[in-house]
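# Coordinate analysis (summary)
Okay, here's what each chain looks like letter by letter:
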Amino acid sequence: MNEKSVEHVVTAPPPEAAEADPAGADRNPVKMRTRGVNVHYAEKHALRDVSLDIGEREVTALIGPSGCGKSTFLRCLNRMNDTIDICRVTGRLELDGQDIYADSVDVVQLRASIGMVFQKPNPFPKSIFDNVAYGPRVHGLVADRADLEQLVEQSLRKAGLFDEVKDRFGDPGTSLSGGQQQRLCIARAIAVGPEVILMDEPCSSLDPIATARIEELIDELRQNYTIVIVTHSMQQAARVSQKTAFFHLGDLIEQGETPQIFTNPRDEKTQGYITGRFG
Amino acid sequence: MTDPADSVLIEGQKEKVRQGLSRRLRAERRFRAYGVVAIVLAILMLLFLAGTIAANGYSAFYQTWIKVDVFLDEELIAPDGKTDPQTLREEGDFRGALIESLVASYRVRGREKENRLIAMFSTDAERTLQRHAIANPRLVGKNISIWVKASSDIDQLTKGAIRRDLPESGRKVKDVQLVWYDRMAAENRIETRFNTGFFSTGDSREPEQAGIWGAIVGSFLTMLVTLILAFPVGLAAAVYLEEFAPKNRLTDLIEVNINNLAAVPSIVFGLLGLAVFLNFFELPRSAPLVGGMVLALMTLPTIIIAARASLLAVPPSVREAALGLGASRVQVVSHHVLPLAMPGILTGTIIGMARALGETAPLLMIGMVAFIVDIPGGPTDASTVMPVQIYLWADSPERGFVEKTSGAVIVLLAFLVVMNASAVYLRKKFERRW
């Protein structure tokens, strides 16, 4: 598990304005831009030549059948793949025009700007308060206890969990229900003050009611954060996202406005997947 | 839907399942019986072992005392008329006073008989007299009644380990001594008491004066050195190998060799200690410092393997959560992974230490097998440890050391049980799967 073992190949920087935007006309400015991203796990070519733009303050859904590379792509966006020895990422990934795989970029700094929520709710085996306070403490974001308490409260409010847990900050985070745990994880990610939040199938282990609650939350969070969500549920992608990208066997097949992808896909594979013929 | 062919098949299938069922149930009962038999055998062996040790060893925890009337003769114990502690300590002939009084009480004549009589008492008896006189100097010149330790042979006689029906030449306690003994017993001068000396003195040539405290202190100092060396080094090695080291040939080689090291016979570590620590670095012989270093080498692989297994068992989701929040890798380990792995690491460490506590062979090689009477005051003092003390006593010819050997085994086993129980307790206490 050596961070240095991730190879970084700088390809030619993309010509700025000249290149045609693959996603068509954007409503929002581009927050993250990827060009020609390839990922290898040892011999396996997991992701081929992915170029995708992620718009600011909107939800981009990554859909596709299992093993299509969508989670791999998501984990490239905050360099979580660095922890896997055999994983090799090439191509260019930018946050606000900055190459995030450049030598000058510190992953700790990067992950403070790009938060992540995982498939299975994974609160720390600590109290609810300490779960949310962990990020700010690690990064030294707050000066004193009062500020920390305020930040924790704000984060829990933004994650829509405050009213449910306000009387029991000292309880273990793992004592909450699955949906509450996942919102706790979102609060924990928000507390660091990220600009982008990556969500890796955040509702896959939740019941429909908890899922609806998270989806509402994602819609609220969109006002302030750029969100990238991997999902297996096409209904979910249709409900929460503004942009959708369809992955298949390591290729980015199609990307565009969510209504367009779901009503009028250009590629027949996309058509096949969203109509349920495979996946 | 009810095809005749189908129903025939189902009919046959049901019959076959029924036949197979009783066979499978029999096999299951048989397997369970094997298990029960095995457990019963194991328990029987354990009970036999524990029973033998307890039966042989319980008598080591009490010993025989004899009440004697002694005239503290001024001429012998305070020849220049002074009764200050220093004079009594340096000049007083308390052995002479004891012999004089005994000879008078039992009207013994002849050198040989005198020797037989005084041999019924421990050499500790005169020191008891001396301590008593120093504490109460005004008793000098007076008659006192005082309890003193019996010799080991008399102690064994009291405990029934010496048989009276043997011919006189075949037993350590002679006929004349038996007569005196019976007279003392009739006068209620014989008493058995809890053997506090066993837990407060060091080794001795005299079984009735030999104690295990020196070995306990030696074991404690040795374990302390082992723990101080092996725990931090083992923990750091395990954390580095599990969390930070790149997976390549070199780390694979290191891993294989750690596993090999765990299987190396302990006497080899003893030879290593002899060659390196004693002969090359010229560290003191027989010292807990060197013993601890040798045992640390022996315990290190156990701790590394246990710690790596515990670290591996920490769910990756915890690491991912912390990494995703921007914690550095050291922070991930120190804030989340280590606290979760700690119960397992502690358990592995305690079990490794318990093994080291019972280790004898490597310590023989570095000279911890010497006869040491003094209680060691520090890790560089010559000392012995509990298992080596057991080995030494088991090697002694006197009858009195047989019970001492078993008594020491009981003490050692008690320590091991306490250590293992604390391992279980620590695991239960810190094992929080919130």
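Per-chain numbering applies: the sequence of each chain, read as written, is numbered from 1 onward. Note on labels: chains are lettered from A, ligands numbered from 1, in written order. Side-chain atom pairs in this predicted model are given and counted only at pLDDT of 80 or more, local residue features only at pLDDT of at least 70, and totals for whole chains, interfaces and linings cover all residues. Heavy atoms throughout the structure, all of them, feed into the side-chain values; hydrogens and water do not.

## Observations regarding the overall build of chain B
- A tally of regular secondary structure across chain B gives 17 helices and three strands.
- At 32 Å, chain B has a C-alpha radius of gyration far larger than the 22 Å of a compact globule built from 434 residues.
- Along the first, second and third principal axes, the C-alpha set of chain B runs to 115 × 60 × 40 Å.
- Across the 434 residues of chain B, 43% fall into the buried class.
- For chain B, the share of sequence-separated contacts (at least 6 apart) that also reach a separation of at least 24 residues comes to 75%.
- Per element, the accessible surface of chain B, about 23,000 Å² overall, is 62% carbon and sulfur. By the criteria applied, helices consist of DSSP H or I runs no shorter than four residues and strands consist of E runs no shorter than two, each listed in order from the N terminus. Here the radius of gyration uses the C-alpha set of atoms, whereas the globule reference equals 2.2 Å times the residue count to the power 0.38. For each residue, the accessible area found with a 1.4 Å probe, counting protein chains only, is set against the maximum for its type, and the residue is called buried under 20%, exposed over 50%, and partly exposed in between. Note on definitions: a residue-residue contact is assigned when non-hydrogen atoms from the two residues lie within 4.5 Å. In short, Shrake-Rupley with a 1.4 Å probe defines the accessible areas, and a residue's cover is counted only from the protein chains shown.

## What to know about the overall build of chain A
- Counting its regular elements, chain A contains ten helices and ten strands.
- Summarising the internal contacts of chain A: among those between residues at least 6 apart in sequence, 67% fall at separations of at least 24.
- Counting every atom, chain A has about 11,700 Å² of accessible surface; 48% of that belongs to carbon and sulfur.

## Digging into the interface of chain B and chain A
- Across the boundary between the two partners, chain B contributes 23 residues, which contact 27 residues of chain A.
- Simply put, the buried area is the total loss of 1.4 Å probe accessible area from both parts when two parts are fitted together. Carbon and sulfur atoms supply 61% of the area buried between chain B and chain A, which totals about 2,100 Å² over both sides.
- By definition, a salt bridge exists where a carboxyl oxygen of Asp or Glu is found within 4 Å of a side-chain nitrogen of Lys or Arg. For the pair chain B and chain A, the interface holds one salt bridge.
- A salt bridge links Glu320(B) to Arg75(A); the shortest N-O distance between them is 2.8 Å.
- Whenever two N or O atoms come within 3.5 Å, that pair is a polar contact, provided that in protein one can donate a hydrogen and the other can accept it, and provided that, for residues adjacent in sequence, both atoms are side-chain atoms. Put simply, chain B and chain A have five residue pairs in polar contact (both at pLDDT 80 or more) between them.
- Every element with two or more residues in the side of chain B that touches chain A is listed here: helix H9 (213-244), helix H13 (316-324) and helix H14 (329-357) of chain B.
- Sorting elements by how many residues they give to the side of chain B that touches chain A places H13(B) first, with seven residues.
- Residue polarity is assigned by list, with Asp, Glu, Lys and Arg as charged and Ala, Val, Leu, Ile, Met, Phe, Trp, Tyr, Cys and Pro as nonpolar; anything else, Gly included, falls into the polar class. Per-class residue counts for the side of chain B that touches chain A are eleven nonpolar, seven polar and five charged.

## Quick look at helix H3 (residues 128-139) of chain A
- Most of H3(A) is tucked away: nine of the twelve residues are buried.
- What H3(A) keeps buried is the set Ile128(A), Phe129(A), Asn131(A), Val132(A), Ala133(A), Tyr134(A), Gly135(A), Pro136(A) and Val138(A).
- Buried residues along H3(A) sit in contact with helix H4 (145-158), helix H5 (162-165) and helix H6 (178-191) of chain A together with H13 and H14 of chain B.

## Description of the pattern of salt bridges
Residues and elements named next belong to chain A.
- Tallied over the full model, the rule gives 38 salt bridges over all chains.
- Notably, a salt bridge pairs Glu164 with Arg183, separated by 2.8 Å at the nearest N-O pair. Taken together, the positions of Glu164 in helix H5 and Arg183 in helix H6 put the pair 19 residues apart, joining distant regions of the chain.
- Residue Arg183 is classed as buried on the basis of its relative accessible area of 7%.
- One network of salt bridges, with partners in common, ties together Lys31, Glu56, Asp96 and Glu195.

## Points about the domain arrangement of chain B
All names here are of chain B.
- Reported domain spans reflect what an automatic or database domain assignment gives. In terms of domains, chain B is made up of domain 1 (4-58), domain 2 (62-201) and domain 3 (213-430).
- Domain 1 puts five residues into the contact, and the matching count from domain 3 is six residues.
- Note on domain 1 versus domain 3: buried area summed over both sides is about 370 Å², and carbon and sulfur give 76% of it.
- Broken down residue by residue, the surface that domain 1 buries against domain 3 is led by Ile53, Asn56 and Gly57, which jointly contribute 92%.
- The tally of links between domain 1 and domain 3 comes to zero salt bridges.
- Taken together, domain 1 and domain 3 are joined by zero residue pairs in polar contact (both at pLDDT 80 or more).

## A few points about the sheet that holds strand E2 (residues 143-149) of chain B
All names here are of chain B.
- What the three strands build is an open sheet, ordered E2-E1-E3; its pairing is antiparallel. If you trace the sheet from one side to the other, it starts and ends with E2 and strand E3 (190-194), each paired once. Each strand axis lies, on average, 35 degrees off the axis of its neighbour in the sheet, ignoring direction.
- Across seven bridges, strand E1 (residues 62-71) lies against E2 in antiparallel orientation. DSSP bridges decide pairing: two strands pair if at least two such bridges lie between them. To get an axis, fit a line to the C-alpha atoms, keeping to the stretch in contact for a helix; angles then go from 0 to 180 degrees between the N-to-C directions.

## Here's the deal with the nonpolar core
- To form a nonpolar core, buried Ala, Val, Leu, Ile, Met, Phe, Trp, Tyr and Cys residues must be joined to one another through side-chain atoms within 4.5 Å. Core analysis: the largest hydrophobic core is formed by 68 residues, its most contacted members being Leu62(A), Leu77(A) and Phe247(A).
- Considering every element that reaches this core, the biggest residue donor is H14(B), with seven residues.
- What Phe247(A) contacts, discounting residues up to four positions off in sequence, is Leu47(A), Val50(A), Leu62(A), Ile63(A), Gly64(A), Pro65(A), Cys68(A), Lys70(A), Phe73(A), Leu252(A) and Ile253(A).
- Ranked by size, the runner-up nonpolar core spans 40 residues in total, among them Phe129(A), Leu148(A), Leu221(A) and Ile227(A).

## Looking at the pairing of strand E6 (residues 114-117) of chain A
All names here are of chain A.
- Residues Ile114 and Met116 point to one face of E6 and Gly115 and Val117 to the other, with burial holding for every one of them.
- Where E6 meets strand E7 (residues 196-200), four bridges bridge the pair, whose relative direction is parallel. Across the sheet, Gly115 pairs through a bridge with Ile197, a residue of E7.

## Overview of the packing of aromatic side chains
- The aromatic pairing rule takes the rings of Phe, Tyr and Trp, using the six-membered ring of Trp, and pairs them if the centres are within 6.5 Å, calling planes under 30 degrees apart stacked, those over 60 edge-to-face and the rest tilted. With the rule as written, the count across this model stands at 14 aromatic pairs over all chains.
- For the ring pair Phe129(A) and Phe169(A), a centre distance of 6.0 Å and an interplane angle of 40 degrees mean the geometry is tilted. Note that Phe129(A) is positioned in helix H3 and Phe169(A) in the loop between H5 and H6, a separation of 40 residues in sequence.
- Ring geometry for Phe162(A) versus Phe169(A): centroids 6.1 Å apart, planes at 75 degrees, classification edge-to-face.
- Note on Phe162(A): relative accessible area 11%, which makes it buried.
- With relative accessibility at 22%, the residue Phe169(A) sits in the partly exposed group.
- Three or more aromatic residues joined by ring pairs form one cluster here, namely Phe61(B), Phe194(B), Phe198(B), Phe199(B), Trp393(B) and Phe401(B).
- The rule for a charge over a ring is simple: NZ of Lys or CZ of Arg within 6 Å of the ring centre, and within 35 degrees of the ring normal. The ring centre of Phe124(A) lies 4.5 Å from the NZ or CZ of Arg188(A), which sits over that ring.

## Re the packing of H4(A) against H6(A)
All names here are of chain A.
- For the pair H4 and H6, the least separation of the axes is 8 Å and the interaxial angle reads 130 degrees. With respect to each other, H4 and H6 are oriented oblique. The handedness of the crossing between H4 and H6 is right-handed. Across the interface between the two elements, Leu151, Ser155, Leu156 and Lys158 from H4 touch Leu184, Ala187, Ile190 and Ala191 from H6. Roughly parallel means an angle under 35 degrees; roughly antiparallel means over 145; roughly perpendicular covers 65 to 115; every other angle is labelled oblique. For a crossing to be left-handed, the near helix must be turned anticlockwise from the far one by less than a right angle; the clockwise case is right-handed.

## Some details on the state of the cysteines
Residues and elements named next belong to chain A.
- Two cysteine sulfurs form what is called a disulfide whenever their separation falls within 2.5 Å. Throughout the structure, instances matching the rule amount to zero disulfides over all chains.
- Among the cysteines around Cys87, which has no disulfide bond, Cys76 carries the closest sulfur, lying 6.1 Å off.
- Using a relative accessible area of 1% as the deciding quantity, one classes Cys87 as buried.

## Remarks on the environment of Ala408(B)
Residue and element names in this part refer to chain B.
- By secondary structure assignment, the location of Ala408 is in helix H17 (residues 400-430).
- A residue is classified by how much of its surface remains accessible, and Ala408, at 0% relative accessible area, is buried.
- In this structure, the C-alpha to C-alpha distance between Ala408 and Asp80, residues 328 residues apart in sequence, is 45 Å.
- Among all residues touching Ala408, those that are not within four sequence positions of it are Phe198, Ile212, Ile390 and Trp393.

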